[in-house]
Structures are given as C-alpha cells and as structure tokens.
Amino acid sequence: MTVQSPGKTPSRKQRLQEKQRRQLAVVDTVDKAEVKVRKAEAELAVAVVEAVEMFGDEEAASQGLDMPVETIRRFIDLAAAEKAAAADEEVAETP
C-alpha cells in the first residue's frame, strides 16, 4: 500500500501504479494456482490409471470410483500426455 500524508490525495500516476500493482498481484496468484491445479490433475490422472488397472477396466473403475467413464478416459489421456512429455524431455536432455 502506498504511504501518503494525511489530507493529500494521491496523484493519477500514484493511483494507476497502485491499481497496476494490485492487478499484477492477482495475476501472480492466479498463475500460482493454475500450476497447483495442473500438478493436482496430473497426480489424479496417475491415480485414475492405477485404479483402472486395479479394477480391470474403465467401466469397473467408473463404478468403483463413482466417476463417469468420460472423465476416466480424460484422465487416462492426460496421464498418457504427461508420460509422453516426460519421455520427450528425457530424449531432449540426452546428448
């Protein structure tokens, strides 16, 4: 927060700077939350893949997890994409 002397209104420039500072702080908070969401989705995708393996198939996992088959498939696709991305990174790092 900007320190001001009592009775003195902030200039347009100061108001704009304060507004921009608050906006940037909010954008930063959203960016951090998005990273957490992506990480949580990736972890959930791995857990769903394990559940499908344990239950035997997508239908059984759907019933056991009380999750629509479409959602199960979305997480399977997400896990496959994460695995492919990790493999691509590993290949890129190998000289």
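Our subject is the structure that appears above.
Residues numbered from 1 in each chain as written. Predicted model: local features only at pLDDT ≥ 70, side-chain atom pairs only at ≥ 80, totals over all residues. Heavy atoms only, no water.

*Asks:* Sorry, what's going on with the nonpolar core here?
*Replies:* The tendency in soluble globular proteins is for nonpolar side chains to be buried side by side. Within the largest apolar cluster, 8 residues are counted, these being A45, V48, V52, A61, M67, I72, F75 and A79. When residues of this core are traced back to their parent elements, those giving at least two are α1 (12-55) and α3 (69-93). With near-sequence residues (within four places) excluded, F75 lies in contact with E41, L44, A45, V48 and M67. (Core = buried A, V, L, I, M, F, W, Y, C linked by side-chain atoms within 4.5 Å. Buried < 20%, exposed > 50% of the residue type's maximum accessible area, 1.4 Å probe, protein only. Helix = DSSP H or I, 4+ residues; strand = E, 2+ residues; numbered from the N terminus. Contact = heavy atoms within 4.5 Å.)

*Asks:* Help me understand the pattern of salt bridges, please; the structure alone is not making it clear to me.
*Replies:* When the charged atoms of two side chains lie near each other, side chains of opposite charge can form a pair. Inspection of the entire model under this criterion finds 4 salt bridges. A salt bridge links R22 to E18, with the shortest nitrogen-to-oxygen separation between them at 3.8 Å. Highlighted residues: R22 and E18, both in helix α1, separated by 4 residues, approximately one helical turn. In this structure E18 comes out as buried when scored by relative accessible area, which is 11%. Note that R73 is salt-bridged to E58, the shortest N-O span being 2.6 Å. Here the residue R73 occupies a position in helix α3, and E58 occupies one in helix α2 (residues 58-65), the gap between them amounting to 15 residues. For E58, a relative accessible area of 25% puts it in the partly exposed group. (Salt bridge = Lys/Arg side-chain N within 4 Å of Asp/Glu carboxyl O.)

*Asks:* I'm lost on the packing of α1 against α2 in this one. Help?
*Replies:* Each pair of packed helices gets described by two things: the angle between the helix axes and the distance between those axes. Relative to each other, α1 and α2 sit at 110 degrees, their axes nearing to 8 Å. In this view, α1 runs roughly perpendicular relative to α2, as classed from their interaxial angle. With respect to the hand of their crossing, α1 and α2 are arranged in right-handed fashion. Each of A51, V52 and F55 in α1 lies in contact with α2, whose residues at this interface are E58, A60, A61, G64 and L65. Each residue belonging to the contact of α1 with α2 can be placed in one class, and the counts come to 6 nonpolar, 1 polar and 1 charged. (Axes fitted to C-alpha atoms, helices over the stretch in contact; angles between N-to-C directions. Parallel < 35°, antiparallel > 145°, perpendicular 65-115°, else oblique. Left-handed = near helix turned anticlockwise from the far one by under 90°. Nonpolar A, V, L, I, M, F, W, Y, C, P; charged D, E, K, R; others polar.)

*Asks:* Would you explain the packing of α1 against α3 in this entry?
*Replies:* One can describe the packing of α1 onto α3 by two numbers: an axis separation of 8 Å at closest approach and a directional angle of 110 degrees. The angle between α1 and α3 falls in the class roughly perpendicular. As α1 runs across α3, the sense of the crossing is left-handed. On the side of α1, the interface is formed by E41, A42, L44, A45, V48, V49 and V52, while α3 contributes I72, R74, F75, I76, L78, A79 and E82.

*Asks:* What is the right way to read the side chain of S62 from this model?
*Replies:* Along the chain, S62 turns up in helix α2. In this view, S62 contacts M67, P68, V69 and I72; residues no more than four positions away in its chain are not counted.

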